[in-house]
Amino acid sequence: MKFDELGLAPEIMTAINDAGYTTPTPIQAEAIPHVIAGRDVLGIAQTGTGKTASFTLPMIHRLMKGRAKARMPRTLILEPTRELAAQVADNFDVYGKNTKLTKALLIGGVSFGDQEKAIMRGADVLIATPGRLLDHVERGGVLLRGVEVLVIDEADRMLDMGFIPDIERIVKLLPFTRQTLFFSATMPPEITRLTQQFLSAPARVEVAPPSSTNDNVSQRLISVPKTQKLKTLKKLFDEEDVTNGIIFCNRKRDIGDLLNALQKSGYPAVSLHGDMDQHMRLKMLDKFKGGEATYLIASDVAARGLDIPAVSHVFNYDVPTHAEDYVHRIGRTGRAGRKGAAITLFSKEDGKYIDAIEKLINRKIDVVKSNDTPDDVTTDKEEKAASKPHRKNDGDKKGNEKGERKGLAAFSKNKRDKKENSDAIPKALHANDKPVQKEPKTDNSTGNASDKTQVGFGENIPAFLKNAPE
Ligand code: AMP
């Protein structure tokens, strides 16, 4: 299928050509005609599939007739994080550049004043995170009864972050006759319930199974004792041809420690996590995208949706505790037909998480074994299975998650704002965390000193044997 078969206006076609797109991606080919026809759409697609354009392009097409009134946006796009919202706004600028359509971006960390002005002028498209939008609604700055099209993007992420009660509040303020476009990478039962609530006879468009990983991405597991993770990571940086790498950590405090350690060793690194203000987050992202920093140390807030085409490597410094996060993390590499590498450091106690990941992606990941892996490190699948969690811990976790969800429903205005600025790592996960084993202090200072304090691997980290038998 070609773009000109989709029936988009000439102004949009010119912008698409200028963006260098030749053919629509599968989700675009399937979804765009439904959106133009005014139908509700349920899109099951991950980022990297071109899903943003699948709703932005036909939305612009629809909006070209008519104009927005002050304080009454004509379309509303809800995004779970500030970065995603800002990215959608950028897309809108690119695809809508030949139109006179206006937009407003309502995200936390940016002054209310400028946002209110943009809404007062009349915005055809309002792109917002749920908390900040409700703040504006409560201040009387936005009226949602003129919304013709609603987009709920990354719905499963919204669920993870506890935003569903906010979204339900927002949807109650919209006209019943609106068109709704609903996107989610996965379809847990809670999300299915929401689709029944929000969508009316939707066209279902599914482009890839939610658990699939990209064949362009080589995946490896490296067994390493916790105390040796930093050293192993640096060794990998030196051995691999990393043009641009994202290093994922599970906990925010570890991001800071790792950033300091890498910077002190001369690695050009920046970090991205939810405690940074908006200005800082975008600044860090720009440094990474622009090549000033080769390494981006990130929490899962950066795992979804961010479009950074040149990422050659994803390193999981910690094994993600939610298997879906693994798929999303490694989805940052191997984009747009490029090759990518995903390398996950793991130790004995991560066995249960690796099992869950392998089950989700329905394949075994190669375990790369070092020559002198110490005895306390497991590379063997049976041993990993033996380290499965006790039932009791599972139960505790569920209990905590339940409690947390309940609490989220009652989130106050301030807390919502704070939450949008956080990584929403469920507390339940922290409850089972072991105390953090700090890297030897000297490792965090300058390069050579650390070599003297190591345990486990010994003086020299051995070359990793690629494709070692499982
Ligand atoms: P998304 O899944 O929306 O995050 O998009 C992923 C990337 O694909 C972005 O860099 C888009 O600019 C790019 N993209 C979207 N549609 C197309 C297309 N039809 N042809 C080429 N690239 C595209």
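- An unreviewed UniProt entry annotates the protein as DEAD-box ATP-dependent RNA helicase RhpA of PS1 clade bacterium.
- Of the comments in the UniProt record for the protein, the one headed Catalytic activity (unreviewed entry) reads "ATP + H2O = ADP + phosphate + H(+)".
- Listed under Sequence similarities (unreviewed entry) in UniProt, the entry text for the protein is "Belongs to the DEAD box helicase family."

Comments concerning the overall build of the protein
Next, step 1: Secondary structure summary: the protein contains 18 helices and 14 strands in total.
Next, step 2: Counting over 470 residues, the protein shows a buried share of 54%.
Next, step 3: Long-range pairs, those at least 24 residues apart, make up 78% of the contacts in the protein with a sequence separation of at least 6.
Next, step 4: For the protein, the exposed surface amounts to about 20500 Å²; the carbon and sulfur share of it is 51%.

Observations concerning the pattern of salt bridges
Next, step 1: In the structure shown here, the tally under the stated rule is 21 salt bridges.
Next, step 2: Its salt-bridge partner being Asp160, residue Arg157 comes within 3.9 Å of it at the nearest N-O pair. A residue pair is termed a helical-turn pair when its members lie 3 or 4 positions apart in one helix, as Arg157 and Asp160 do in helix α7 (residues 155-160) at 3 residues.
Next, step 3: Through salt bridges that share partners, Lys51, Asp153 and Glu154 make up one connected network.

Looking at the sheet that holds strand β8 (residues 217-223)
Next, step 1: What the 7 strands build is an open sheet, ordered β10-β11-β9-β12-β13-β8-β14; its pairing is parallel. Sheet topology places β10 (269-272) and β14 (366-368) at the edges, where each strand pairs with a single neighbour. Strand after strand, the sheet turns through a mean of 25° between neighbouring axes, direction not considered.
Next, step 2: Of the pairings in the sheet, the one linking strand β9 (residues 245-248) to strand β12 (residues 313-316) comprises 4 bridges and is parallel in character. Directly across from Ile247, in β12, lies its bridge partner Phe315.
Next, step 3: Set on the sheet, helix α10 (residues 229-239) makes contact with β8, β9, β11 (295-298), β12 and β13 (340-346); between it and β13 the angle comes to about 160°.

Quick notes on the nonpolar core
Next, step 1: Grouped together as the largest cluster of nonpolar side chains are 34 residues, with contacts concentrated most on Leu8, Leu57, Ile77 and Leu181.
Next, step 2: Of the residues forming this core, the biggest block, 6 residues, is contributed by helix α3 (residues 51-63).
Next, step 3: The contact partners of Leu57, leaving out residues within four places of it in the chain, are Phe3, Leu8, Ile12, Ile16, Ile32 and Tyr95.
Next, step 4: Among the nonpolar cores identified, the runner-up in size contains 33 residues, and Leu76, Leu106, Ile119 and Val147 belong to it.

Re helix α9 (residues 189-198)
Next, step 1: Those residues of α9 lying buried are Ile191, Leu194, Thr195 and Phe198. Burial along α9 is one-sided: seen end-on, the buried residues are contained in an arc of 105°. When the buried face of α9 is taken as reference, the exposed residues oriented beyond 90 degrees from it are Pro189 and Gln196.

Examining the environment of Leu199
Next, step 1: Summarising the element assignment, Leu199 is placed in the loop between α9 and β7 (203-206).
Next, step 2: Between the C-alpha atoms of Leu199 and Thr180, which are 19 residues apart in sequence, the distance is 6.2 Å.
Next, step 3: Leaving out residues up to four positions away in the same chain, Leu199 has contacts with Asp40, Val41, Leu42, Thr180 and Phe182.

A short note on helix α2 (residues 26-36)
Since one α-helical turn is 3.6 residues long, residues separated by three or four positions face the same way.
Next, step 1: When α2 is considered as a whole, its buried residues turn out to be Ile27, Gln28, Ala31, Ile32 and Val35. What you see down the axis of α2 is that its buried residues fit within an arc of 110°, all on one side.
Next, step 2: Considering only its buried residues, α2 is in contact with β1 (41-44), α3, β6 (179-184) and β7.
Next, step 3: Once α2 finishes, Gly38 follows within two positions and takes phi at roughly 85°, a positive value.

Quick look at the sheet that holds strand β2 (residues 75-78)
Next, step 1: The strand order across the open sheet built from 7 strands is β3-β4-β2-β5-β6-β1-β7, with neighbouring strands paired in parallel fashion. Strands with a single pairing partner mark the edges of an open sheet, and in this sheet they are β3 (103-106) and β7. Between one strand axis and the next, the sheet turns by 10° as a mean value, whatever way the strands run.
Next, step 2: Relative to β6, β1 runs parallel, the two being bridged by 4 bridges.

Brief notes about the packing of helix α13 (residues 323-330) against helix α14 (residues 351-361)
Next, step 1: At a closest axis distance of 8 Å, the pairing of α13 and α14 adopts a crossing angle of 70°. Between α13 and α14, the interaxial angle falls into the category roughly perpendicular. Here the hand of the crossing between α13 and α14 comes out right-handed. Every residue of α14 that contacts α13 at Ala323, Glu324, Tyr326 and Val327 is listed here: Ala356, Ile357, Leu360 and Ile361.
Next, step 2: Broken down by class, the residue content of the contact of α13 with α14 amounts to 7 nonpolar, no polar and 1 charged.

Some remarks on the packing of aromatic side chains
Next, step 1: All told, the structure shown has 6 aromatic pairs when counted by the stated rule.
Next, step 2: The interplanar angle of 45° and the centroid separation of 5.3 Å between the aromatic rings of Phe55 and Phe183 together place this pair among those described as tilted. Pair noted here: Phe55 is in helix α3 and Phe183 is in strand β6, with a separation of 128 residues, a long-range link. A single burial state applies to Phe55 and to Phe183, both of which are buried.
Next, step 3: Between Phe237 and Tyr267 the ring centres are 5.4 Å apart and the planes differ by 65°, which places this aromatic pair in the edge-to-face class. Of the two residues, Phe237 sits in helix α10 while Tyr267 sits in the loop between α11 (252-264) and β10, which places them 30 residues apart along the sequence.

Some thoughts on unusual backbone geometry
Next, step 1: Positive phi, normally seen in glycine, also occurs at Glu154, with a value near 55°.
Next, step 2: Mapping Glu154 onto the fold places it in the loop between β5 (149-152) and α7.
Next, step 3: When its relative accessible area of 5% is taken as the criterion, Glu154 is described as buried.
Next, step 4: One non-glycine residue with positive phi stands out, namely Asn362, at about 60°.
Next, step 5: For Asn362, the location among the structural elements is in the loop between α14 and β14.
Next, step 6: Its relative accessible area of 70% is what places Asn362 among the exposed residues.

Definitions and limits used
- Residues numbered from 1 in each chain as written.
- Predicted model: local features only at pLDDT ≥ 70, side-chain atom pairs only at ≥ 80, totals over all residues.
- Heavy atoms only, no water.
- UniProt positions renumbered as here; feature names shortened; annotations may be inferred.
- Helix = DSSP H or I, 4+ residues; strand = E, 2+ residues; numbered from the N terminus.
- Buried < 20%, exposed > 50% of the residue type's maximum accessible area, 1.4 Å probe, protein only.
- Contact = heavy atoms within 4.5 Å.
- Areas by Shrake-Rupley, 256 points an atom, 1.4 Å probe, with all protein chains shown as cover.
- Salt bridge = Lys/Arg side-chain N within 4 Å of Asp/Glu carboxyl O.
- Pairing = 2+ DSSP bridges.
- Axes fitted to C-alpha atoms, helices over the stretch in contact; angles between N-to-C directions.
- Core = buried A, V, L, I, M, F, W, Y, C linked by side-chain atoms within 4.5 Å.
- Arc of directions from axis to C-beta.
- Parallel < 35°, antiparallel > 145°, perpendicular 65-115°, else oblique.
- Left-handed = near helix turned anticlockwise from the far one by under 90°.
- Nonpolar A, V, L, I, M, F, W, Y, C, P; charged D, E, K, R; others polar.
- Phe/Tyr/Trp six-rings, centres within 6.5 Å; stacked < 30°, edge-to-face > 60°.

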